[in-house]
Amino acid sequence: GIQQKINQDRGCVAYPFNSSNKEALFLVLDGHGAEGDRVAEFAMRQIVVTMEKHPQLQNDPVTAMKESFVTTNTALMVTPIKYMTSGSTVVAAYLKNNIFYVANAGDSRFVVAQTDEDSGKIVAKMISRDHKPDCPDEMARITQWGGFVSESPEPGITARVWLDAEHTLIGLAMSRSIGDHAVKNVGVIPEPDVNLHETTPRDKFILMASDGVFEFIENQEAVDIVQSNLHLGAYVACQILIQTAAKRWMEEEGDYRDDVSIIIMFSIASIAL
């Protein structure tokens, strides 16, 4: 039978944000481990509050976002949540003055669908970067800090972070996250990459999603699925993308499927005016 499992993903839209209807904050989180849902829930609420209170949010959003992730990771330690072996990815997009500041730790994604100037086709442009343990710079940090990385043996099997050379302890499938304190001292850091995306009239919509979507669907295909269903509204387009992802999981993995969370946003210009 199909095993029911708790949904460990979280997502939220904070708008108006920072007491301004010209600013917004979007978050997608994907928890893992025994209490991943609690880490994701805590991190989601904490990041919203920490960012709003951050003294540098106005003049240095990049620093504000980086420090808010790190502070949230530390704050987790005073909760009763099992933070040693539970954690969460976070992709956060702060929209201000037509610019998205995209902070990412882990492998949830922020993708923009843009009209190509030459062909007129809608193309996927990935703004965030997945933090996989076998990315050269991530792997270098982990091994330098005394951790071990098992490389991907075949497509579909992820590289993992271990505490020991025998690859028996932990085995985390990402190189950055909130929580997972058991591997923090071997380089699984909470600090995000922050990338900027300036919105243009060619942007059709934004897609933020957890890796459950992208495991068997490429960015471009995900964008195509949404685009071809946008006339039905963002909610329905979301549902169809989720159903497509679920079907792929069924074909590839049988009963098991990762949690899938998606935020789709279009007519961005209306917020950012």
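From a predicted model like this one, the values you see are computed outputs, not experimental measurements. (Residues numbered from 1 in each chain as written. Predicted model: local features only at pLDDT ≥ 70, side-chain atom pairs only at ≥ 80, totals over all residues. Heavy atoms only, no water.)

## Focus on the overall build of the protein chain
- Check the secondary structure of the protein chain and you find 7 helices and 13 strands.
- Expected size for 273 residues packed as a compact globule is a radius of gyration near 19 Å; at 18 Å, the protein chain falls within 12% of this value.
- Along the first, second and third principal axes, the C-alpha atoms of the protein chain reach 50 × 50 × 35 Å.
- Considering the protein chain as a whole, with its 273 residues, one finds that 54% of them fall into the buried category.
- Once local pairs closer than 6 in sequence are excluded, the contacts in the protein chain between residues at least 24 apart make up 65%.
- Within the structure as shown, the protein chain displays about 12500 Å² of accessible surface, and the carbon and sulfur contribution to it stands at 52%.
- Charged side chains in the protein chain number 23 positive and 37 negative. The centres of these two groups are separated by 5 Å. (Helix = DSSP H or I, 4+ residues; strand = E, 2+ residues; numbered from the N terminus. Rg over C-alpha atoms; globule rule 2.2 N^0.38 Å. Buried < 20%, exposed > 50% of the residue type's maximum accessible area, 1.4 Å probe, protein only. Contact = heavy atoms within 4.5 Å. Areas by Shrake-Rupley, 256 points an atom, 1.4 Å probe, with all protein chains shown as cover. Lys, Arg positive; Asp, Glu negative; His and termini not counted. Charge placed at Lys NZ, Arg CZ, Asp CG, Glu CD.)

## Some words on the packing of aromatic side chains
- Inspection of the entire model under this criterion finds 4 aromatic pairs.
- Measuring from ring centre to ring centre gives 6.3 Å for F26 and F100, while their planes differ by 55 degrees; the resulting arrangement is tilted. Of this pair, F26 sits in strand 2 (residues 23–32) while F100 sits in strand 4 (residues 99–105), placing them 74 residues apart in sequence. Accessibility classification places F26 together with F100 in one group, the buried group.
- Three or more aromatic residues joined by ring pairs make a cluster, and in this case those are F17, Y94 and Y101.
- A cation over a ring is seen here: R109 above F214, with NZ or CZ 4.7 Å from the ring centre. (Phe/Tyr/Trp six-rings, centres within 6.5 Å; stacked < 30°, edge-to-face > 60°. Lys NZ or Arg CZ within 6 Å of the ring centre and 35° of its normal.)

## Some remarks on the environment of L169
- For L169, the position within the fold is in the loop between strand 8 (160–162) and strand 9 (170–172).
- The exposure class assigned to L169 is partly exposed, which follows from its relative accessible area of 45%.
- Expressed as a C-alpha distance, the spacing of L169 and V183, which sit 14 residues apart in the sequence, is 9.6 Å.
- With residues near it in sequence (within four places) discarded, L169 still touches V161, W162, L163 and D164.

## Section: the packing of helix 1 (residues 36–53) against helix 2 (residues 61–75)
- Contact pair helix 1 / helix 2: the axes reach a minimum separation of 9 Å and the direction vectors enclose 135 degrees. In terms of axis orientation, helix 1 runs oblique to helix 2. Relative to helix 2, the crossing made by helix 1 is right-handed. For the pair helix 1 and helix 2, contact is made by F42, A43, Q46, I47, T50 and M51 and by A64, M65, S68, F69, T71, T72 and A75, respectively.
- Each residue belonging to the contact of helix 1 with helix 2 can be placed in one class, and the counts come to 8 nonpolar, 5 polar and no charged. (Axes fitted to C-alpha atoms, helices over the stretch in contact; angles between N-to-C directions. Parallel < 35°, antiparallel > 145°, perpendicular 65-115°, else oblique. Left-handed = near helix turned anticlockwise from the far one by under 90°. Nonpolar A, V, L, I, M, F, W, Y, C, P; charged D, E, K, R; others polar.)

## Some remarks on the environment of G212
- With respect to the element layout, G212 can be found in helix 4 (residues 211–214).
- Residues G212 and S68, 144 residues apart in the sequence, show an inter-C-alpha distance of 25 Å.

## Things to note about unusual backbone geometry
- Cis geometry marks the peptide bond from Y15 to P16, where omega comes out at -5 degrees.
- Following the sequence through the fold, P16 ends up in the loop between strand 1 (9–14) and strand 2.
- With a phi close to 50 degrees, N97 is a non-glycine residue in the positive phi region.
- Position of N97 relative to the elements: it lies in the loop between strand 3 (87–96) and strand 4.
- In this structure N97 comes out as exposed when scored by relative accessible area, which is 58%.
- Of note in this structure, D180 is not a glycine but carries a positive phi near 50 degrees.
- Relative to the helices and strands, D180 resides in the loop between strand 10 (178–179) and strand 11 (193–198).
- By relative accessible area, which is 4% here, D180 ends up buried.

## Examining helix 2
- Over its 15 residues, helix 2 runs 20 Å from end to end, which matches the ideal 21 Å to within 8%, given 1.5 Å per residue.
- The set of residues buried in helix 2 consists of P61, A64, M65, S68, F69, T72, N73 and A75. The buried residues of helix 2 all sit within an arc of 165 degrees when viewed along its axis, so they share a single face.
- Summarising the contacts, the buried residues of helix 2 are in contact with helix 1, strand 3, strand 4, strand 10 and strand 11. (Expected span 1.5 Å × (residues − 1). Arc of directions from axis to C-beta.)

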